[in-house]
Amino acid sequence: MVAMKKLLSVKSSARVFFPLIFFAAVLASCNRTDAVQSISETELFTIPYGNFEEQLSISDLNSIGDVKFGVEMRDGFFYVVDGAAKKVMELNSYGDLLTLFYNEDALIADYLDSSARSDRSIHHEISYPFDYPGKISVDSNKSVYAVCSIPRDRQEKSDDMLYSHTVLRFARDGVFVEYLGQQGPGGTPFPYIKNIYTTARDELVVVSVSTDGVIVYWFATDGFLKYMIPVSKKDIPLAGALDGGHDVFLSIAGVIPDPSSYRLYVQADYFSSYVDEDSKIQSGVNYIQTMLYPLNVESGIYEEPVSIPPYEESEVSDYTRITHRIPYEFLGVTKSGWKFFILKTDDGFNIEMIQSDSQRILRRHFDADHKNIFYNTMTLSQDGIITALYLEKDRARVVWYRTDSLIDAILKN
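Predicted, not measured: the structure shown is a model, and the values here were computed from it.

What counts and how
- Residues numbered from 1 in each chain as written.
- Predicted model: local features only at pLDDT ≥ 70, side-chain atom pairs only at ≥ 80, totals over all residues.
- Heavy atoms only, no water.
- Helix = DSSP H or I, 4+ residues; strand = E, 2+ residues; numbered from the N terminus.
- Buried < 20%, exposed > 50% of the residue type's maximum accessible area, 1.4 Å probe, protein only.
- Contact = heavy atoms within 4.5 Å.
- Areas by Shrake-Rupley, 256 points an atom, 1.4 Å probe, with all protein chains shown as cover.
- 1 Å grid on protein atoms, 1.4 Å probe; cavity = no way out; pocket = protein on both sides within 12 Å on 5 of 7 lines; lining within 4 Å.
- Points joined across faces, edges and corners; volume = space filled by probe spheres on them.
- Core = buried A, V, L, I, M, F, W, Y, C linked by side-chain atoms within 4.5 Å.
- Pairing = 2+ DSSP bridges.
- Patch = residues over 30% accessible without salt bridge, like charges linked within 9 Å, V, L, I, M, F, W, Y side chains within 5 Å.
- Salt bridge = Lys/Arg side-chain N within 4 Å of Asp/Glu carboxyl O.
- Lys, Arg positive; Asp, Glu negative; His and termini not counted.
- Charge placed at Lys NZ, Arg CZ, Asp CG, Glu CD.
- Axes fitted to C-alpha atoms, helices over the stretch in contact; angles between N-to-C directions.
- Arc of directions from axis to C-beta.

A. Seen up close, the overall build of the chain. From N to C terminus, the chain includes three helices and 30 strands. Going through the 413 residues of the chain one by one, you find that 53% of them count as buried. By sequence separation, contacts in the chain at least 24 residues apart represent 51% of the contacts at least 6 residues apart. Here the chain displays about 19,300 Å² of accessible surface, and carbon together with sulfur accounts for 47% of that area.

B. Region of the structure containing the layout of surface pockets. Taken as a whole, the largest pocket holds about 1,200 Å³ of empty space. Lining the largest pocket are 50 residues, and of these N195, Y197, L331, M378 and T379 lie nearest its centre.

C. Summary view of the nonpolar core. Membership of the largest hydrophobic core comes to 38 residues, with the highest contact counts inside it found for V216, I229, V231, I236, V255, L264 and Y270. Core analysis: the next-biggest nonpolar cluster, separate from the first, contains 27 residues, I47, Y102, A106 and I385 among them.

D. Quick peek at the pairing of strand β30 (residues 396–401). Among the six residues that make up β30, six are buried, leaving the element largely enclosed by the rest of the structure. Residues A396, V398 and W400 line one face of β30 and the alternating positions R397, V399 and Y401 line the opposite face, and both faces are buried. As paired elements, strand β2 (residues 42–47) and β30 share five bridges and run antiparallel to each other. Residue pairing across strands places T42 opposite W400, the latter belonging to β30. Pairing of strand β29 (residues 386–392) with β30 involves six bridges; the strand directions are antiparallel. Within β30, the residue paired with I386 across the bridge is Y401.

E. Representation of a negative patch on the surface in the model. A grouping of E313, E315, D346, D347 and D367 is seen on the molecular surface, where their side chains present a negatively charged patch. For E313, the position within the fold is in strand β22 (residues 311–317).

F. The arrangement of the pattern of salt bridges in detail. What the rule picks out here adds up to 15 salt bridges. A salt bridge links R325 to E312; the nearest nitrogen and oxygen atoms lie 3.7 Å apart. Highlighted residues: R325 in strand β23 (residues 320–326) and E312 in strand β22, separated in sequence by 13 residues. The exposure class assigned to R325 is partly exposed, which follows from its relative accessible area of 34%. The closest approach of N and O atoms between R397 and E392, which form a salt bridge, is 3.0 Å. With respect to class, R397 is no different from E392; both count as buried. Look at the salt bridges and you will find they share partners, linking E41, E43, E392 and R397 into a network.

G. Main features of the sheet that holds β29. Across the sheet, which stays open at both edges, the four strands sit in the order β2-β30-β29-β28 with antiparallel pairing between neighbours. Each edge of the open sheet carries a strand with a single partner, namely β2 and β28 (373–380). Within this sheet the neighbouring strands show an average axis-to-axis angle of 20°, counted without direction.

H. Quick peek at helix α3 (residues 403–412). Every buried residue of α3 is accounted for by T403, D404, L406, I407 and I410. Take α3 and look down its axis: the buried residues cluster within an arc of 160°, on one side only. In this structure, the buried residues of α3 make contact with β25 (339–345), β26 (348–355), β27 (360–367), β29 and β30.

I. Representation of the environment of L168. For L168, the position within the fold is in strand β11 (residues 161–170). In the structure, L168 is positioned 40 residues away from Y128 in sequence and 8.7 Å away in space, judged by C-alpha atoms. Setting aside anything within four residues of it in sequence, one finds L168 in contact with I126, Y128, F130, Y132, V144, Y145, A146, C148, V177, E178 and Y179.

J. Spotlight on the pairing of strand β3 (residues 69–74). Most of β3 is tucked away: six of the six residues are buried. The alternating pattern of β3 places F69, V71 and M73 on one face and G70, E72 and R74 on the opposite face, and all of these are buried. Alignment of β3 against strand β4 (residues 77–82), held across six bridges, turns out to be antiparallel. Looking at β4, one finds that V71 is bridged to V80. Connecting β3 to the next strand, β4, in antiparallel fashion are two residues, including D75 with a positive phi near 55°.

In short, the description is geometric, and any link to function would need to be established separately.
Encoded structure:
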């Protein structure tokens, strides 16, 4: 298949800006309450630390160095990446190990060779000598996609960018294994991969970092490139009148594909320079707002954006109330069109769920004891279930939060 590159055309800032203000005001005023309810955590299973196949390779949390762990949930099955051990585990909801993928040059290979266990049929050795940073996705056929760092002598550098990542794809039975590059199977390496996703059509979407934003590679089910979409800061409108004429700049905080349509959602966080009144010298930046821009992949057109309300926290100092506004992190999109945003707080996580079509906003809180959690990573399923991997002192825990049930209950009412 010949790869097709879509060149983006963007509406003028004037055409985007005026509807933006109106729609943002409507959305921000709908279905908002000051009370933020909590959603309880459901612990599914724990994973012990150690060097065996059903364990995570952690011996000392104080000297672990670069953390390379990831989690994905698909149809009630859980996939945990252990980058240090160069392995991927498939587990059921009870924590039973169903399948183990591992590199042939990893330490786990020696343990398995000397093991007398009878369940060797679930072990699948991978010959590619790659490292796993911890990013993973799984399609409906249970094919696993894992981001890999290639050896330094195979990395490429061009235009101030380092091409050092690839994606491994392997079938659940371990029979079929291949690596994907920019063009598809066996292609050239990607720039640094920020994340990967699989859609409802079982198409792979790779989001890589570029010098001026991100580059999105959208692959067909056969693994060959279907669209390449550069998302550049210069193509996103600057709402210059938002902050009294101060210099306004933006950061592309996240780009996530819609699971059901050929559309990307681009999170742009807007900031302005802060000038000290006494010295007249720029001494910082002020956060203004966050906009979510739908980008039609097939036409290359940015559609009407949605304003994402920030997290607000107030404190009183010298009898003056100061309100801090902090942008959320874009977590994902469900098949029903809900956009999820997350923010770490002192006592857990705040979640903001937005359905732009129905102009609904839901806010919930997850309790979490950060003093006991050394590392955490979360993923959102296409059905709206949040799954978290928490690394704690003596063990790792896999938990989930049934936000899908919350959404279903609200829609029924």
